[in-house]
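# Coordinates in review
Listed below, chain by chain, are the residues.
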Amino acid sequence: MKVGIVGAGMVGSSAGYALALMGIVSSVVLVDHNAELAIAQAEDIAHAVPFMSSCVVEAGDYDRLSGASVVILAAGVSQKPGETRLALLERNAAVFRDVVGNVLRVAPDAILLIASNPVDIMTQITVRLSGLPAARVIGSGTILDTARFRSLLGRHLGISPQSVHAYVLGEHGDSEVLAWSNARAGSLSLAGFAAQVGSAITADVRARIDDGVRNAAYKIIKGKGATYYGIGAGLARIVKAIAQDQQEVLTVSMVNREIEGVADVALSIPRVIGATGIMTDLFPDLDAEERAALHRSAALLKATVEAVSL
Ligand code: ADP
């Protein structure tokens, strides 16, 4: 399978690196309007391949995306000093107007995987720009927040993140919702598991985990300027679910007809992912407080997307 990546910056190249090392696709093509950057990233990643897999990693123009089954959109511009988030969003929407048209011209059947932030808004903008069915425009959404939630819970309980089932829903951002009420460890409720291993989830523990999930990106950005390895691996994980038709349940973003009373909005809930993109949406059981928080998250995203002119 061929995977295209438009935007060979930190996020796009990290996704390419993860894909190349995992050896789950046969070809990765990097495209960037900075052609020199795309070539350099592709060469650097290609030099890692002989140690790990046999994936062909190249750079090229849009025509090289012909035949790609999935195209990751990681292109974008960074915030100028003093620029408002909405102004930044308008500039990123302009980037996507250019990118989405070019991708669909050569790869009309590709699944689009959106990584550029704010990812929920960019996912909805991509549906508007492309006219594609919503199930073929997947935003990376809260895949990474969910991974962080499971990792912190697993560490507290002394088990692997893979043995924890817990989801972060809504916006990939400040209004995201940690779904504590339906989180499980092994086959047990969190409280039941925690009691058995003597690691109670006190209010303090809960606050610490909540903070760790919600503010992880801010802390990383403070230390190193950007986050990319985690999301790069998350994007590769979504591609794997598509490439191997895994029917994997992942929290990704997609435009939904209605979420908690808010119509036509993109955000994350658990969804089944397979060869054709998003196969099924799963509406989790939530308590009243979580439902209200998910409604607020949806309403906030909806207000933002309505403010963007296309
Ligand atoms: P991130 O950390 O989100 O990856 P970067 O700034 O490192 O951010 O990467 C964004 C990339 O998107 C840059 O390499 C930039 O050249 C690229 N880019 C911006 N606009 C376009 C465009 N219209 N077409 C293709 N690539 C673009």
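As a convention, each chain's residues are numbered from 1 in the sequence order in which they are written. Owing to the predicted nature of the model, reporting of local features is limited to residues with pLDDT of at least 70; listing and counting of side-chain atom pairs is limited to 80 or more, with chain, interface and lining totals taken over all residues. To obtain the side-chain values, all non-hydrogen atoms of the structure were used and water was disregarded.

Attention shifts here to the overall build of the chain. Segments assigned H or I by DSSP are reported as helices when at least four residues long, segments assigned E as strands when at least two residues long, and all are numbered from the N terminus. The secondary structure content of the chain amounts to 10 helices and 12 strands. Along the longest, intermediate and shortest principal axes, the C-alpha atoms of the chain span 55 × 45 × 40 Å. Throughout, exposure labels follow a simple rule: accessible area from a 1.4 Å probe, protein chains only, divided by the maximum for the residue type, with under 20% read as buried, over 50% as exposed, and the rest as partly exposed. For the chain, the residues scored as buried account for 50% of the 310 residues in total. Note on definitions: a residue-residue contact is assigned when non-hydrogen atoms from the two residues lie within 4.5 Å. Sequence-distant contacts in the chain: of pairs separated by 6 or more residues, those separated by 24 or more amount to 70%.

With that settled, the discussion passes to helix α2 (residues 35-52). Under the 1.5 Å per step criterion, the end-to-end length of α2 is 26 Å for 18 residues, consistent within 8% with the ideal 26 Å. Among the residues of α2, Ala-38, Gln-41, Ala-42, Ile-45, Ala-48 and Val-49 are the ones counted as buried. Along α2, the residues classed as buried sweep out an arc of 125° about the axis, all on the same side. Among the exposed residues of α2, those oriented more than 90 degrees off its buried face are Glu-36, Asp-44, His-47, Pro-50 and Phe-51. For α2, the elements touching its buried residues are α1 (10-22), β2 (27-31) and β3 (56-59). Expected helix span is taken as 1.5 Å per residue step, with the number of steps being one fewer than the number of residues. Arc definition: directions from the helix axis to the C-beta atoms.

In contact at an axis separation of 9 Å, helix α5 (residues 143-157) and helix α7 (residues 203-214) are set at 145° when each is read in the N-to-C sense. The chirality of how α5 crosses α7 is right-handed. Judged by residue contacts, Asp-145, Arg-148, Phe-149, Leu-152, Leu-153 and His-156 of α5 engage Val-205, Arg-208, Ile-209, Gly-212 and Val-213 from α7. Just so you know the grouping, Ala, Val, Leu, Ile, Met, Phe, Trp, Tyr, Cys and Pro go in nonpolar, Asp, Glu, Lys and Arg go in charged, and all remaining residues, Gly too, go in polar. Its residues assigned to classes, the contact of α5 with α7 shows 6 nonpolar, 2 polar and 3 charged. Between N-to-C directions, angles span 0 to 180 degrees; the directions come from axes that are lines fitted to C-alpha atoms, helices contributing only their stretch in contact. By the definition used in this description, the sense in which the near helix is turned from the far one sets the handedness, with an anticlockwise turn below a right angle giving left-handed and a clockwise turn giving right-handed.

Here α5 spans 21 Å end to end across 15 residues, near enough to the 21 Å set by a 1.5 Å rise per residue. For α5, the tally of buried residues reaches 11 of 15 residues, placing the bulk of the element in the interior. Here α5 has its buried residues at Ile-143, Leu-144, Asp-145, Thr-146, Arg-148, Phe-149, Arg-150, Leu-153, Gly-154, His-156 and Leu-157.

Moving on: the pairing of strand β1 (residues 2-6). A large share of β1 lies buried, amounting to 4 of its 5 residues. For a crossover, the right-handed case is the one in which the path from the first strand over the helix to the second runs clockwise, viewed with the strands pointing away from the viewer. In this fold, the crossover linking β1 to β2 by way of α1 has right-handed handedness. For two strands to be treated as a pair, DSSP must find at least two bridges joining them. Bridge analysis of β1 against strand β4 (residues 70-73) gives 4 bridges, and the strand direction is parallel. Residue pairing across strands places Val-3 opposite Val-70, the latter belonging to β4.

The next point concerns the UniProt feature "binding site: NAD(+)" (unreviewed entry) in the chain. UniProt records the feature "binding site: NAD(+)" (unreviewed entry) at Val-11, Asp-32, Tyr-62, Gly-76, Val-77, Ala-115, Ser-116, Asn-117 and Ser-140, using the numbering of this structure. Not counting residues up to four positions away in its chain, the partners in contact with Tyr-62 are Val-6, Val-31, Val-99, Asn-102, Val-103, Arg-105 and Val-106. Along the chain, the position of Asn-117 falls in the loop between β5 (111-114) and α4 (119-130). Residue Asn-117 is classed as partly exposed on the basis of its relative accessible area, which comes to 45%. When residues no more than four places from it in sequence are discounted, the contact partners of Asn-117 are Asn-92, Met-122 and His-172. A polar contact of 3.1 Å, which involves the side chain of Asn-117, links it to the backbone nitrogen of Val-119. UniProt positions are given in the numbering used here, feature names are shortened, and annotations may be inferred rather than shown by experiment. Side-chain atoms alone can form a polar contact between residues adjacent in sequence; in general such a contact is a pair of N or O atoms within 3.5 Å, and within protein one must be able to donate a hydrogen while the other accepts it.

Per the UniProt record, "active site" (unreviewed entry) is found at His-172. On the secondary structure map, His-172 appears in the loop between β7 (164-169) and β8 (177-185). Using a relative accessible area of 24% as the deciding quantity, one classes His-172 as partly exposed. Apart from the residues lying within four places of it in its own chain, the contact partners of His-172 are Asn-117, Val-119, Asp-120, Gly-141, Thr-142 and Asp-145. In this structure the side chain of His-172 is engaged in a polar contact, spanning 3.4 Å, whose partner is the backbone oxygen of Gly-141.

On to unusual backbone geometry, then. Backbone torsion omega between Asn-117 and Pro-118 reads -5°, so that peptide bond is classified as cis. The phi angle at Gln-247 is positive, at roughly 55°, despite the residue not being glycine. With respect to the element layout, Gln-247 can be found in the loop between α9 (229-243) and β10 (248-259).

The next point concerns the site of the ligand. Residues in contact with the ligand amount to 14 residues; listed here are only the nearest, Met-10, Val-11, Asp-32, Leu-37 and Asp-98. Between the ligand and Met-10, the relevant distance is 3.1 Å, taken from an oxygen atom to a main-chain nitrogen or oxygen of the residue. With respect to the ligand, the side chain of Asp-98 contributes an N or O atom lying 3.0 Å from a nitrogen atom. Per-residue and other accessible areas follow the Shrake-Rupley method at a 1.4 Å probe size, with only the shown protein chains counted as cover for residues. Computed on the free molecule, the ligand has an accessible area of 570 Å², of which 75% lies beneath the protein chains in the complex. Going through the elements one at a time, α1 and α3 (85-106) are the ones with two or more residues in the shell around the ligand. A per-element tally of the shell around the ligand places α3 first, with 3 residues. Looking at the shell around the ligand residue by residue, the classes come out as 8 nonpolar, 4 polar and 2 charged. Here a residue is considered near a molecule or strand provided that any single heavy atom belonging to it is located within 4 Å of it.

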